[in-house]
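Breakdown of the fold
So the chains spell out like this:
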Amino acid sequence: KRRQYLAVADSYLLKSILIHFCDNALHYADQTHPVKLEVSQTRQTIRISVKDHGPRLATYLWRQLKKRQLLTPQTISSRPQSSGLGLCIAQQFAEMMSAQLGVCSHNDGVSFYVDLVASSQLSLL
C-alpha cells in the first residue's frame, strides 16, 4: 500500500497555477507530443509538474522573472506569444503558499513545476 502525502496549499491559488501551466502547455501541444502532468513526492515536498514540447525558456529570463526584474510585460523570444506575466503571477501565488516554482528544460520541451510543502497531518482517507 502506498502512503499518500498531503500538501499544504490554498486550493484556489494552486488551481490557478496549474491552470496557467496547463493552458500554456496545451498551446504548444500537438498530436504527436501530448502534455504530461506528473506528481512526485518526497518526505518534505510534493512536486506537481506540467511538461510541454514547446520552445525552451531561456535561463536568464527565468531568473529575471523569479527576481521580478521584468517589471513590464515583454515578449519572451523563445515563446513568442508569452510575456511572462502569468509566471510572475504564479510566482506570487506560490510565495503566498510557501511553495516554490521551477522550470526544467529537456531536449524535447520544458517542464514547469510547483513544489509544495508536505503536510505532517495524518490523512483521514
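For the structure, check the block above.
Residues numbered from 1 in each chain as written. Predicted model: local features only at pLDDT ≥ 70, side-chain atom pairs only at ≥ 80, totals over all residues. Heavy atoms only, no water.

**Regarding helix α1 (residues 11–28)**
Taking 1.5 Å per residue, 18 residues should reach 26 Å; α1 reaches 26 Å between its end C-alpha atoms and fits that length. Inspection of α1 places L13, L14, I17, L18, F21, N24, A25 and Y28 among the buried residues, and these make up the whole buried set. Along α1, the residues classed as buried sweep out an arc of 125° about the axis, all on the same side. Pointing more than 90 degrees away from the buried face of α1 are the exposed residues S11, Y12, K15, D23 and L26. Residues of α1 that are buried make contact with β3 (45–52), α3 (85–96), β4 (100–106) and β5 (109–119). (Helix = DSSP H or I, 4+ residues; strand = E, 2+ residues; numbered from the N terminus. Expected span 1.5 Å × (residues − 1). Buried < 20%, exposed > 50% of the residue type's maximum accessible area, 1.4 Å probe, protein only. Arc of directions from axis to C-beta. Contact = heavy atoms within 4.5 Å.)

**Some points on the pattern of salt bridges**
According to the stated counting rule, one finds one salt bridge in the structure shown. A salt bridge links D115 to R47, with the nearest nitrogen and oxygen atoms 2.7 Å apart. Of the two residues, D115 is situated in strand β5 and R47 in strand β3; the sequence distance between them amounts to 68 residues. Classification of R47 as partly exposed rests on a relative accessible area of 29%. (Salt bridge = Lys/Arg side-chain N within 4 Å of Asp/Glu carboxyl O.)

**Quick word on the packing of aromatic side chains**
Counting across every chain of the model gives one aromatic pair. Just above the ring of Y113 sits the side chain of R47; from NZ or CZ to the centre is 3.7 Å. (Phe/Tyr/Trp six-rings, centres within 6.5 Å; stacked < 30°, edge-to-face > 60°. Lys NZ or Arg CZ within 6 Å of the ring centre and 35° of its normal.)

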